[in-house]
Amino acid sequence: MGGGRTLPKNLEISVLLDFYGDMLTEKQREMIEFYYNDDLSLAEIAENQGITRQGVRDSIKRAEQQMLEMEDRLGMAKRFHEMQDGLEKICEAAGRIAEYNNRFVFAFEIDTEVKSIIETAQQLCE
């Protein structure tokens, strides 16, 4: 990839794009996708779009700011990650229950319910 990149790559922006990308203008969304997802430099995007490098930079910075403000107000990405973490903990706890059940008691009902919990949590993670 070419040089000319002065904006720091922020992984959070790629995540926010998934949640808030549809709320950006088509041009802003394109610029962000080119920069973060396609890993093009500002100069490459400018050349491809027929605009100045500064125009690309300004568009990306505005889009980043808009998405960060949306996340501050709505918190969708934060809530999503909290839910993923919670589901992971549920799966881990269910696994420990299954292990305890298999090692010490083995109740068919517990085994069935643990499998159901794990299956449901995994479906929600997809």
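Residues numbered from 1 in each chain as written. Predicted model: local features only at pLDDT ≥ 70, side-chain atom pairs only at ≥ 80, totals over all residues. Heavy atoms only, no water.

Caption draft 1: Molecular detail of the overall build of the protein chain. Tallying secondary structure elements over the protein chain gives six helices and zero strands in all. Counting helices and strands in the order they occur from the N terminus, the protein chain gives α-α-α-α-α-α. Its C-alpha radius of gyration of 22 Å places the protein chain more than 25% over the 14 Å reference for a compact globule of 126 residues. Over its C-alpha atoms, taken along the principal directions, the protein chain stretches across nearly 70 × 30 × 20 Å. Put simply, 65% of the contacts in the protein chain that link residues at least 6 apart link residues at least 24 apart. Roughly 8,400 Å² of accessible area belongs to the protein chain as shown, and the carbon and sulfur atoms make up 53% of that amount. Of the charged side chains in the protein chain, 15 are positive and 25 negative, and the gap between their average positions amounts to 6 Å. (Helix = DSSP H or I, 4+ residues; strand = E, 2+ residues; numbered from the N terminus. Rg over C-alpha atoms; globule rule 2.2 N^0.38 Å. Contact = heavy atoms within 4.5 Å. Areas by Shrake-Rupley, 256 points an atom, 1.4 Å probe, with all protein chains shown as cover. Lys, Arg positive; Asp, Glu negative; His and termini not counted. Charge placed at Lys NZ, Arg CZ, Asp CG, Glu CD.)

Caption draft 2: Region of interest: the side chain of Asp-111. Position of Asp-111 among the secondary structure elements: in helix α6 (residues 108–125). Not counting chain neighbours up to four residues away, the residues in contact with Asp-111 comprise Asn-101, Asn-102 and Phe-106.

Caption draft 3: Molecular detail of the pattern of salt bridges. This model, assessed by the stated rule, comprises six salt bridges. When the shortest N-O distance is used, the salt bridge between Lys-27 and Glu-30 registers 3.9 Å. Residue Lys-27 and its partner Glu-30 are located together in helix α2 (residues 26–37), separated by three residues, close to a single helical turn. Residue classification places Lys-27 among the partly exposed residues on the basis of a relative accessible area of 41%. Note that Lys-115 is salt-bridged to Asp-111, the shortest N-O span being 3.1 Å. A residue pair is termed a helical-turn pair when its members lie 3 or 4 positions apart in one helix, as Lys-115 and Asp-111 do in helix α6 at four residues. Under the relative-accessibility criterion, Lys-115 is labelled exposed at 52%. Among the residues examined, Asp-111 registers a relative accessible area of 12% and is labelled buried. (Salt bridge = Lys/Arg side-chain N within 4 Å of Asp/Glu carboxyl O. Buried < 20%, exposed > 50% of the residue type's maximum accessible area, 1.4 Å probe, protein only.)

By themselves these figures say nothing about function.
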